[in-house]
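Fold and geometry: a report
Next come the chains, spelled out residue by residue.
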Amino acid sequence: YITVHASETLEPCYVNTGFNINYAANSLTYSKTVGQRRGGTKVGDRLLSGDFGIGTGLSENWDVGLNIPVLLNQEIDDSKGVSYFESRGINEIRFNTKYKFFDDGDMGGFAGVFTVNQNLISDNPFAGENPGPTSHYEIVWDRKFNPFTAAVNFGYRRRLPGDQIPNVPFTPMQDQWIFSAAGSYYSTRLDTKFVFEIFGARPAEPTSQDTD
């Protein structure tokens, strides 16, 4: 899949590399009010980003990987009250490892995934000033239903946020429960795989903000 984990791991001593290009529209967070003043409104924005990854298998059913997301280009119609990127570049460094603890042959199985990433964006309002690394603990299930496959991920995201940035209406994000699912269909005639994904997160503790 693209962002959802499958239980399959890389073969030992094989190295896998990849680069994804992502285009998103109207995805930036905005604030309707800033204190007592009227803030921004939902405006048009367009982001072009990339994600470079490399991974290798350490042993049967165990692999490791490194991902580097990077912002390539940004267009925004109005920056008032909107959180936006001031410059292009690398967003974070992300390391992950996966161990498949139940193998159902070619049909799927269960795996555990541990991921840790360090934010590299200066003055990131959702990470705070001088944040620590964020770690993720996930359980993965997948199953093959030829020519379809499906996967479900469930886990916990532990954050070490920094202090809130002064005069910014957004507070650093705290721990979250995370969940995602994916399905794919492989067309033998086109030799192409069609992938559908959905993902979300919920705060682990109640939040004082107007939105989760």
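Quick caveat: nothing in here was measured; it's all calculated off a predicted structure.

So, on to the overall build of the protein chain. For the protein chain, the helix and strand inventory stands at zero helices and 12 strands. In the protein chain, the order of α-helices and β-strands from amino to carboxyl end is β-β-β-β-β-β-β-β-β-β-β-β. Overall size of the protein chain, expressed as C-alpha extent along the three principal axes, is 60 × 35 × 30 Å. For the protein chain, contacts bridging at least 24 residues in sequence account for 57% of all contacts bridging at least 6. Positive and negative side-chain charges in the protein chain, numbering 18 and 25 respectively, have mean positions lying 6 Å apart.

This structure, assessed with the given rule, holds six salt bridges. The partner of D77 in a salt bridge is R46, and the shortest N-O contact between them spans 3.0 Å. Taken as a pair, D77 in the loop between β5 (62–76) and β6 (89–90) and R46 in strand β4 (residues 45–59) lie far apart in primary sequence, 31 residues in all. In this structure, R94 engages D51 in a salt bridge whose closest nitrogen and oxygen atoms are separated by 3.2 Å. In this pair, R94 sits in strand β7 (residues 92–103) while D51 sits in strand β4, placing the two residues 43 residues apart along the sequence. By relative accessible area, D51 is classed as buried at 16%.

Right, let's talk about the side chain of T97 for a bit. The residue T97 is located in strand β7 in this model. A polar atom in the side chain of T97 sits 2.8 Å from the side chain of W62. Those residues in contact with T97, other than ones at most four positions away along the chain, are W62, D63, V64, G112, V113 and F114.

With that settled, the discussion passes to the environment of H136. As for its placement among the helices and strands, H136 is situated in strand β9 (residues 134–145). Of note is the side chain of H136, whose polar atom sits 3.1 Å from the side chain of R157.

Right, let's get into the pairing of strand β11 (residues 176–187). The pairing of strand β10 (residues 148–158) with β11 spans 10 bridges and is antiparallel. Across the sheet, residue F148 finds its bridge partner in β11, namely Y185. Relative to strand β12 (residues 192–203), β11 runs antiparallel, the two being bridged by 12 bridges. Residue pairing for β12: I178 is matched across the bridge by A201.

So, on to the environment of G18. One can find G18 in strand β1 (residues 15–25). For G18, a relative accessible area of 33% gives the class partly exposed. Through-space distance from the C-alpha of G18 to that of G55 is 9.1 Å; in sequence the pair is 37 residues apart. Discounting residues that sit within four places of it in the chain, G18 has contacts with D51, F52 and G53.

Here the structure, examined in full by the defined rule, presents six aromatic pairs. Taking the centre distance of 4.9 Å and the plane angle of 75° together, the rings of Y156 and W177 count as edge-to-face. Within this pair, whereas Y156 is found in strand β10, its partner W177 is found in strand β11, the two being separated by 21 residues in sequence. Here W177 falls in the partly exposed class, since its relative accessible area comes to 38%. Taken together through their ring pairs, the aromatic side chains of F101, F102 and F110 make up a single cluster.

A few words on the pairing of β9. Both strand β8 (residues 108–119) and β9 contribute to a ladder of 10 bridges, which runs antiparallel. Across the sheet, F110 pairs through a bridge with W141, a residue of β9. Note that β9 and β10 share 11 bridges and pair antiparallel. Within β10, the residue paired with R143 across the bridge is A150. Between β9 and β10, which pair antiparallel and follow one another directly, the connecting turn spans two residues.

Cut-offs and rules
Residues numbered from 1 in each chain as written. Predicted model: local features only at pLDDT ≥ 70, side-chain atom pairs only at ≥ 80, totals over all residues. Heavy atoms only, no water. Helix = DSSP H or I, 4+ residues; strand = E, 2+ residues; numbered from the N terminus. Contact = heavy atoms within 4.5 Å. Lys, Arg positive; Asp, Glu negative; His and termini not counted. Charge placed at Lys NZ, Arg CZ, Asp CG, Glu CD. Salt bridge = Lys/Arg side-chain N within 4 Å of Asp/Glu carboxyl O. Buried < 20%, exposed > 50% of the residue type's maximum accessible area, 1.4 Å probe, protein only. Polar contact = N/O pair within 3.5 Å; in protein donor to acceptor, adjacent residues only side chain to side chain. Pairing = 2+ DSSP bridges. Phe/Tyr/Trp six-rings, centres within 6.5 Å; stacked < 30°, edge-to-face > 60°.

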